[in-house]
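Residues per chain, in single letters:
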Amino acid sequence: MRPSQNSIPRALAAALLLCAPLALAAPAGADTPAPAPLTVEEQRLTGAVPQEILRRSGFDDVAPGFARALEHTGTPAQARQLATADGRRLWRRAVDRVQGRGPAGGDLSRDDDRPLYWARLGMTRALREWRPAFALDERRRTALIEAVERSSRGQDSIELPAGQQVKRVLITGFDPFELDDDARRSNPSGAAALALDGTTVDTPAGPARIEAAVFPVRWADFAAGTVERTLLPYFRPGPKRADLFTTISQGRPGRFDVERTNGAWRGGYPDNAGESRTETVPVPPDVPTVHPQPQWTTTSLPYAAITSANTGPFPVYDNTSVTEIPAGGTDPVVRPDGPTPGSTARGGGGGDYLSNEIAYRATLLRDAVGLRVPGGHLHTPVLQFGEGNADPAGGAVTDPEFVRNRLAITAQVRSVIRVAVGAAAG
């Protein structure tokens, strides 16, 4: 993921619904604080573009339905059960829509990842504004929000099969980002995750089952260990251990990149919450890691096979460049052929944003637990709107070229995985 790339207003009644609290007021328990302030992401939800995306996908019923169900919970345990169940239901609904199962719910193309993102924010907003009749302190409210976040991203429903008859592949994608610049943005890595989750592809090494999860574009969630806690059960020895993994994000225009090296540095670019972090990647104390913390980790994906294969319309590169402070130096230097001994990371091949960080965290965890399988990071092309639809001020939320490019990127991700599985087994 690299820091990169109006619509018809909704009907008045629907706009009023989104502008008003999503949960009806109820007598609050004595220890229930007032509703928490909305996050930066949740505040964007009332914009015309998110509303249109929700309406044209049929996902505009998610948050209101969840808010109504919350009003019928009588205990924190019931609320937690609802948050997890409805989060999983949203994930499954998004996967089913993208994969062509059930009604489309509207005229927005099925391959779109954005309805999931905006509907999830509607659910977390409903929880933040909810005033239950029983006591609910901020710690428990936060736990409910975290349950929605985890379950609606597929992070707790990964189902890699046991046995030797099928290869097990784990992939990850990201939310849309840079939405203050253009709220219409989609993230092709998230779209690929939805399209491939639970699917089986034929490879030269036999069938491969793909399971997927999506992650937020937020520094704080990564520092809290969301990546490691999601991946760890499938990195440890056992019958459902992954045979191959790749984190995926949006990268450079017109090309795929297999990122050779990942750096332990956060460059500070603002995330979806409007927050910045400039520091060494922090590793949570309760997850396995390597001591001392390395400045660099390296892909174990079969990059030579991937880059030489005909996987689709976009060229695929083996990206070996990094940005480092050489040993004994003080200023960053770009190295086209990887880091030099003793250097300090200032940017992996994937930069210094959260795509580099998820690659660093995943490969560091791989090394910490001794997982000896192919794994690394794949950058997709930037997903761009069609000619004449580039201006977010007056542009449409979708267009034929936008859809074609997203479908082409997803198809090539599938092809890259097929080649990687076959090469790893060969």
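Here, every reference points to the structure presented above.
Residues numbered from 1 in each chain as written. Predicted model: local features only at pLDDT ≥ 70, side-chain atom pairs only at ≥ 80, totals over all residues. Heavy atoms only, no water.

A. Looking closely at the overall build of the chain. Helix and strand counts for the chain come out as 13 helices and 14 strands. Relative to the 2.2 N^0.38 estimate, which gives 22 Å for 426 residues, the radius of gyration of the chain is 21 Å and therefore close to what a compact globule would have. Viewed in the frame of its principal axes, the chain has a C-alpha envelope of about 60 × 50 × 45 Å. Across the 426 residues of the chain, 54% fall into the buried class. If you sum the accessible surface of the chain, you get close to 16,500 Å²; carbon and sulfur atoms cover 54% of it. The positive charge centre, built from 48 side chains, and the negative charge centre, built from 48, are 5 Å apart in the chain. (Helix = DSSP H or I, 4+ residues; strand = E, 2+ residues; numbered from the N terminus. Rg over C-alpha atoms; globule rule 2.2 N^0.38 Å. Buried < 20%, exposed > 50% of the residue type's maximum accessible area, 1.4 Å probe, protein only. Areas by Shrake-Rupley, 256 points an atom, 1.4 Å probe, with all protein chains shown as cover. Lys, Arg positive; Asp, Glu negative; His and termini not counted. Charge placed at Lys NZ, Arg CZ, Asp CG, Glu CD.)

B. Layout of the sheet that holds strand E2 (residues 199-203). Pairing is mixed across the open sheet formed by seven strands, whose spatial order is E2-E3-E1-E4-E14-E5-E10. In this open sheet, the two strands that pair with only one neighbour each are E2 and strand E10 (316-319). The sheet shows a mean angle of 30 degrees between the axes of neighbouring strands, direction not considered. Bridging between strand E4 (residues 244-250) and strand E14 (residues 375-380) involves six bridges; their strand directions are parallel. Bridged to Gln250 within E14 is Thr380. Packed on one face of the sheet, helix H10 (residues 226-235) meets strand E1 (167-174), strand E3 (206-215) and E4 and runs near 160 degrees to E3. (Pairing = 2+ DSSP bridges. Axes fitted to C-alpha atoms, helices over the stretch in contact; angles between N-to-C directions. Contact = heavy atoms within 4.5 Å.)

C. Fine view of the packing of helix H3 (residues 48-57) against helix H6 (residues 114-129). Across the interface, H3 lies against H6 with an axial gap of 9 Å and an inter-helix angle of 110 degrees. Classed by the angle they form, the pair H3 and H6 counts as roughly perpendicular. Judged by the twist between their axes, the crossing of H3 over H6 is left-handed. Facing Pro50, Ile53, Leu54 and Ser57 of H3, the residues of H6 in contact are Arg114, Pro115, Trp118 and Ala119. (Parallel < 35°, antiparallel > 145°, perpendicular 65-115°, else oblique. Left-handed = near helix turned anticlockwise from the far one by under 90°.)

D. Geometry of the sheet that holds strand E11 (residues 322-325). Strands sit in the order E12-E11-E13 across an open sheet of three strands; the sheet is antiparallel. Because the sheet does not close on itself, it has two edges, and the strands there are strand E12 (333-335) and strand E13 (344-347). Each strand axis lies, on average, 45 degrees off the axis of its neighbour in the sheet, ignoring direction. Looking at chain direction, E11 and E13 are connected through three bridges and run antiparallel. Of the residues in E13, the one forming a bridge with Thr323 is Gly347.

E. Representation of the layout of surface pockets. Each pocket or cavity is described by its volume, and for the largest pocket that value is around 780 Å³. Among the elements of the structure, helix H2 (40-43), helix H5 (76-98), H6, helix H7 (138-151), helix H9 (219-223) and H10 are those that each provide at least two residues to the lining of the largest pocket. Here the lining of the largest pocket gets 10 residues from one element, more than from any other, and that element is H7. Split by residue class, the lining of the largest pocket holds 10 nonpolar, nine polar and 15 charged. (1 Å grid on protein atoms, 1.4 Å probe; cavity = no way out; pocket = protein on both sides within 12 Å on 5 of 7 lines; lining within 4 Å. Points joined across faces, edges and corners; volume = space filled by probe spheres on them. Nonpolar A, V, L, I, M, F, W, Y, C, P; charged D, E, K, R; others polar.)

F. Fine view of the pattern of salt bridges. Counted according to the given criterion, the structure contains 37 salt bridges. Among the salt bridges present, the one from Asp257 reaches Arg252, with a minimum N-O distance of 3.0 Å. Each member of the pair, Asp257 together with Arg252, is buried. Taken together, the shared-partner salt bridges in this structure form one network comprising Glu41, Arg120, Glu149, Arg153, Asp175, Arg218 and Asp221. (Salt bridge = Lys/Arg side-chain N within 4 Å of Asp/Glu carboxyl O.)

G. Layout of the pairing of E1. Buried residues dominate E1, accounting for seven of its eight residues. Strand direction decides the pairing type here: E1 and E3, joined by eight bridges, are parallel. Bridged to Val169 within E3 is Ile210. Pairing of E1 with E4 involves four bridges; the strand directions are parallel. By the bridge assignment for E4, Val169 is matched with Leu244.

Just geometry here; none of it tells us what the structure is for.
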